[in-house]
Amino acid sequence: MRFLLNEGADVPLTDLPEPLQAQLTTEMGSMRYVDRSTLADVVAEFAQELEGMGLTFPRGMSGALTALDGRISPQTAARLRKEAGVRQYGDPWELIRQADLKDLIPIVETESAEVAAVMLSKLDVARAAELLGKLPGDKARRITYAVSQTGSVSPAAVDRIGLALAAQLHDVPETAFAQGAVERVGAILNSSPAATRDDVLIGLDETDQDFAALVRRAIFTFVHIPERVNAVDIPRVIREVDQPVLVTALAAASAGALAPVSEFILENMSKRMAEAIREEMQELGRVKGRDGEEAMTAVVNAVRTLEAGGEITLVVAEEDSEDEDD
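Residues numbered from 1 in each chain as written. Predicted model: local features only at pLDDT ≥ 70, side-chain atom pairs only at ≥ 80, totals over all residues. Heavy atoms only, no water.

As recorded in an unreviewed UniProt entry, the chain goes by Flagellar motor switch protein FliG and comes from Roseovarius gaetbuli. The UniProt entry for the chain carries this comment under Sequence similarities (unreviewed entry): "Belongs to the FliG family." For the chain, the Function (unreviewed entry) comment in UniProt is given as "FliG is one of three proteins (FliG, FliN, FliM) that forms the rotor-mounted switch complex (C ring), located at the base of the basal body. This complex interacts with the CheY and CheZ chemotaxis proteins, in addition to contacting components of the motor that determine the direction of flagellar rotation." (UniProt positions renumbered as here; feature names shortened; annotations may be inferred.)

The following block contains the structure:
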């Protein structure tokens, strides 16, 4: 280690367990003189061991959980941490320094001036100044004064404060589902037959009108295509659908309430392709209800796939826009 430091290597010894840091320091303090030949032998042995190293593994449960973060379920990680007594955050202050100021401001506003002063002292100067500038004047003055009282705060206390603040930053209840109830119900009804969808929505209206209204907004079906899909995106959508399926969908929709949807799609594709599809629709004749609904669902799924991939953007419904303005 002495050789590496002499050569200007930046060795992060703080990553070592504290007992090992203490042992290394004690060993270095007890050593006096090493001749050049011994030094060369030690360096050669060290280099040989490095060259022969194939893999390294994190030491302990904490390191293993960090390495597997995002690859095992949060529930499993939380259980293993609890069983092993491993704290959730390696360096809580590093998490706090990387956090957005908008997430730190509510914490600073609710914590005591003394705790906020410790946080301010641990942030980079520029971020601390920016955070201070976003606080009310009286709060900023109390925290600034409290900084002058932090000289006697122990490292252990600073560590405990960091853990508490990091826990607040990540104090988000674990949920079993990635999406909310509205999105989940909307997705299910999107893929349901029209009769089932209408029956469920009537039942929701009777049970909870507010929830039913939110579900209706989350639903996107074939009838919503003219009002939610930009005309310029229609060619992109129909490329995602096999032509026989598209012909079946348009033929099934060509009569009745869905006729405007069929015309909207036909009018926004190339003239030659529209003429060819119209001829195929006439040849196909009457379409069975189930076949037509399955084909229209395929078109809707193509729209949703493109939207999820960021290739097209759906038009926001006017009712939603008015709500956002309010």
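Now that the structure is up, let's keep going.
Colleague: Sorry if this is basic, but what is going on with the overall build of the chain here?
Modeller: Looking only at helices and strands, the chain features 21 helices and zero strands. Residues counted as buried form 27% of the 326 residues belonging to the chain. In the chain, the proportion of contacts linking residues at least 24 apart, taken out of those at least 6 apart, comes to 72%. Of the roughly 22,000 Å² of accessible surface on the chain, a fraction of 53% belongs to carbon and sulfur atoms. (Helix = DSSP H or I, 4+ residues; strand = E, 2+ residues; numbered from the N terminus. Buried < 20%, exposed > 50% of the residue type's maximum accessible area, 1.4 Å probe, protein only. Contact = heavy atoms within 4.5 Å. Areas by Shrake-Rupley, 256 points an atom, 1.4 Å probe, with all protein chains shown as cover.)

Colleague: For this particular structure, what's the right way to read the confidence of the model for the chain?
Modeller: One rule of thumb: low pLDDT means the predicted coordinates there are not for detailed reading. Summing up the model confidence of the chain, the mean pLDDT is 84 and the portion of residues at 70 or higher is 89%. Every residue in residues 319-326 scores below 50 in pLDDT, and together they form four contacts with partners more than four places removed in sequence or on other chains. (pLDDT = per-residue confidence, 0-100.)

Colleague: In this structure, what is going on with the pattern of salt bridges? I would like to understand it.
Modeller: A side chain of one charge can pair with a side chain of the opposite charge when the charged atoms of the two come close. Under the defined criterion, the tally for this structure stands at seven salt bridges. Residue Asp-138 is joined to Arg-142 by a salt bridge in which the shortest nitrogen-to-oxygen separation is 3.6 Å. Residue Asp-138 and its partner Arg-142 are both found in helix α10 (residues 137-147); the two are separated by four residues, about one turn of the helix. Residues joined by salt bridges that share partners form a network here, namely Arg-236, Glu-240 and Glu-311. (Salt bridge = Lys/Arg side-chain N within 4 Å of Asp/Glu carboxyl O.)

Colleague: Where do I start with the side chain of Lys-139 in this structure?
Modeller: Assignment of secondary structure puts Lys-139 in helix α10. There is a polar contact of 3.4 Å between the side chain of Lys-139 and the backbone oxygen of Val-108. In contact with Lys-139, not counting residues within four places along its chain, are Val-108, Glu-109 and Glu-111. (Polar contact = N/O pair within 3.5 Å; in protein donor to acceptor, adjacent residues only side chain to side chain.)

Colleague: What should I look at first to understand the nonpolar core in this one?
Modeller: Nonpolar side chains tend to gather and get buried jointly when the protein is soluble and globular. Within the largest apolar cluster, 32 residues are counted, with the highest numbers of intra-cluster contacts made by Phe-222, Ile-225 and Ile-265. Those elements that place two or more of their residues in this core are α16 (234-238), α17 (243-253), α18 (259-267), α19 (271-284) and α20 (289-308). When near neighbours in sequence (up to four residues on either side) are disregarded, Ile-265 contacts Phe-222, Ile-225, Ile-234, Ile-238 and Leu-250. If you look at the next biggest cluster of nonpolar residues, it comprises 25 residues, including Ala-113, Val-118, Ile-143 and Ala-146. (Core = buried A, V, L, I, M, F, W, Y, C linked by side-chain atoms within 4.5 Å.)

Colleague: Teacher, can you tell me more about a negative patch on the surface here?
Modeller: A surface patch of negative charge is lined by Asp-35, Asp-41, Glu-45 and Glu-49. By secondary structure assignment, the location of Asp-35 is in the loop between α2 (18-30) and α3 (36-51). (Patch = residues over 30% accessible without salt bridge, like charges linked within 9 Å, V, L, I, M, F, W, Y side chains within 5 Å. Lys, Arg positive; Asp, Glu negative; His and termini not counted. Charge placed at Lys NZ, Arg CZ, Asp CG, Glu CD.)

Colleague: What am I meant to see in the packing of α18 against α19 here?
Modeller: Think of two packed helices as two axes; the pair is described by the angle between the axes and how far apart they sit. Across the interface, α18 lies against α19 with an axial gap of 9 Å and an inter-helix angle of 140°. Taken as axis vectors, α18 and α19 run oblique relative to one another. Within the contact between the two elements, α18 uses Ser-262, Glu-263 and Leu-266 and α19 uses Ala-274, Ile-277, Arg-278 and Met-281. Among the residues forming the contact of α18 with α19, the class breakdown is four nonpolar, one polar and two charged. (Axes fitted to C-alpha atoms, helices over the stretch in contact; angles between N-to-C directions. Parallel < 35°, antiparallel > 145°, perpendicular 65-115°, else oblique. Nonpolar A, V, L, I, M, F, W, Y, C, P; charged D, E, K, R; others polar.)

Colleague: Sorry if this is basic, but what is going on with a nonpolar patch on the surface here?
Modeller: The grouping of Phe-3, Met-31, Val-34, Leu-39 and Val-43 at the surface amounts to a nonpolar patch, some 390 Å² of accessible area in total. Examined against the element boundaries, Val-34 turns out to sit in the loop between α2 and α3. For Val-34, a relative accessible area of 44% translates into the label partly exposed.

Colleague: Looking at this structure, how should I read helix α13 (residues 194-207)?
Modeller: The periodicity of an α-helix, 3.6 residues per turn, causes residues three or four places apart in sequence to face the same way. The end-to-end C-alpha distance of α13, which contains 14 residues, comes to 20 Å, matching closely the 20 Å that a straight helix rising 1.5 Å per residue would cover. Residues Arg-197, Leu-201 and Leu-204 constitute the buried set of α13. Buried positions in α13, seen along its axis, are confined to an arc of 60° and lie on one side of it. Turned more than 90 degrees away from the buried face of α13 sit Ala-195, Asp-199, Glu-206 and Thr-207, all of them exposed. Summarising the contacts, the buried residues of α13 are in contact with α12 (181-190) and α14 (209-218). (Expected span 1.5 Å × (residues − 1). Arc of directions from axis to C-beta.)

Colleague: Can you help me understand the environment of Ala-194 in this one?
Modeller: Mapped onto the secondary structure, Ala-194 falls in helix α13. Overall, the relative accessible area of 28% leaves Ala-194 in the partly exposed class. A sequence separation of 99 residues divides Ala-194 from Glu-293, and the C-alpha atoms of the two residues are 8.2 Å apart.

Colleague: Honestly, the side chain of Ser-262 in this entry has me stumped. Any pointers?
Modeller: Relative to the assigned elements, Ser-262 resides in helix α18. Judged by its relative accessible area of 1%, Ser-262 is buried.

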